[in-house]
Amino acid sequence: MEEVRKVLEVVAALIFDEAGRVLATQCAPHKHGGGWEFPGGKIEPGEPAEAAVVREIREELSLEVEVGQLLHTVEWEYPAFHLRMHCYVCRLCGGELTLREHVAARWLTADELHSLDWLPTDVDVLPWLAQYMKKLG
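Residues numbered from 1 in each chain as written. Predicted model: local features only at pLDDT ≥ 70, side-chain atom pairs only at ≥ 80, totals over all residues. Heavy atoms only, no water.

**Some remarks on the overall build of the protein chain**
Piece 1. Helices and strands together make up the secondary structure of the protein chain, namely three helices and seven strands.
Piece 2. When the elements of the protein chain are put in sequence order from the N terminus, they spell out β-β-β-β-α-β-β-β-α-α.
Piece 3. Along the longest, intermediate and shortest principal axes, the C-alpha atoms of the protein chain span 50 × 30 × 30 Å.
Piece 4. The buried share of the protein chain, taken over its 137 residues, is 45%.
Piece 5. Counting only contacts in the protein chain whose residues sit at least 6 apart along the sequence, the fraction spanning at least 24 positions is 67%.
Piece 6. Working note: accessible area of the protein chain is about 7700 Å², and carbon and sulfur atoms make up 53% of it.
Piece 7. Positive and negative side-chain charges of the protein chain, numbering 13 and 23 respectively, have mean locations separated by a distance of 1 Å. (Helix = DSSP H or I, 4+ residues; strand = E, 2+ residues; numbered from the N terminus. Buried < 20%, exposed > 50% of the residue type's maximum accessible area, 1.4 Å probe, protein only. Contact = heavy atoms within 4.5 Å. Areas by Shrake-Rupley, 256 points an atom, 1.4 Å probe, with all protein chains shown as cover. Lys, Arg positive; Asp, Glu negative; His and termini not counted. Charge placed at Lys NZ, Arg CZ, Asp CG, Glu CD.)

**Considerations on the environment of Glu-60**
Piece 1. Secondary-structure assignment places Glu-60 in helix α1 (residues 49-61).
Piece 2. Through-space distance from the C-alpha of Glu-60 to that of Leu-97 is 9.2 Å; in sequence the pair is 37 residues apart.
Piece 3. In contact with Glu-60, not counting residues within four places along its chain, are Pro-39, Gly-40, Thr-98, Leu-99, Arg-100, Glu-101 and His-102.

**Thoughts on the environment of Leu-71**
Piece 1. With respect to the secondary-structure elements, Leu-71 resides in strand β5 (residues 63-77).
Piece 2. Each C-alpha atom, one on Leu-71 and one on Leu-116, is 21 Å from the other, the two residues being 45 residues apart in sequence.
Piece 3. Leave out the neighbours within four places in its chain, and Leu-71 touches Leu-14, Cys-87, Tyr-88, Val-89, Trp-128, Leu-129 and Tyr-132.

**Things to note about the confidence of the model for the protein chain**
Piece 1. Overall, the prediction assigns the protein chain a mean pLDDT of 94, with 98% of residues at 70 or greater.
Piece 2. The element-level mean pLDDT for the protein chain is lowest in helix α2 (residues 120-123), coming to 94, with α1 highest at 98. (pLDDT = per-residue confidence, 0-100.)

**Observations concerning unusual backbone geometry**
Piece 1. Even without glycine at this site, Ser-62 takes up a positive phi of about 60°.
Piece 2. Mapping Ser-62 onto the fold places it in the loop between α1 and β5.

**Description of the side chain of Glu-37**
Piece 1. Tracing the sequence through the fold places Glu-37 in strand β3 (residues 36-37).
Piece 2. Although Glu-37 is buried, it makes no salt bridge; Lys-31 carries the closest opposite charge, 5.3 Å away.
Piece 3. Engagement of the side chain of Glu-37 in a polar contact is seen with the side chain of His-102, the distance being 2.8 Å.
Piece 4. Discounting chain neighbours no more than four positions away, the residues touching Glu-37 are Ala-24, Thr-25, Cys-27, His-102, Trp-118, Leu-119 and Asp-122. (Salt bridge = Lys/Arg side-chain N within 4 Å of Asp/Glu carboxyl O. Polar contact = N/O pair within 3.5 Å; in protein donor to acceptor, adjacent residues only side chain to side chain.)

**Some words on the pattern of salt bridges**
Piece 1. Overall, the coordinates contain 10 salt bridges when judged by the stated rule.
Piece 2. A salt bridge links Asp-17 to Arg-21; its shortest N-O distance comes to 2.7 Å.
Piece 3. Assessed through its relative accessible area of 11%, Asp-17 is described here as buried.
Piece 4. Exposure remark for Arg-21: the relative accessible area of 30% places this residue in the partly exposed category.
Piece 5. A salt bridge links Glu-56 to Arg-55; the nearest nitrogen and oxygen atoms lie 3.1 Å apart.
Piece 6. Glu-56 sits in the buried class, given a relative accessible area of 9%.
Piece 7. The network of salt bridges with shared partners includes Glu-44, Glu-47, Arg-55, Glu-56 and Glu-59.

Given below as structure tokens:
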């Protein structure tokens, strides 16, 4: 009989500024080894994914975003659970960047995407993101 694995549904925000750069955030060393990620978090029960993006970015970074298209969904197996990460393109609308859960943040151009030590799940997003950014010009 096959084991039923817990599925953790999360969102990630691909936040773009006016210059067409995307925001990357670095985890604290005790959380995921200090790797870089796209900010986001868990979807609450009954919460639409888009609402989770807005809430998480407000909570983690004090930023206001407008959620656009779903760019990619990452399916990732961890030893204890299956992660499903929905990655949304977002436009920065306001707020002042305040790092509440992260230790650093960087705005990246398409050429800089591969310059960071990304978490494995976020690495899976990079080809999709690079293609999207290429279309933006």
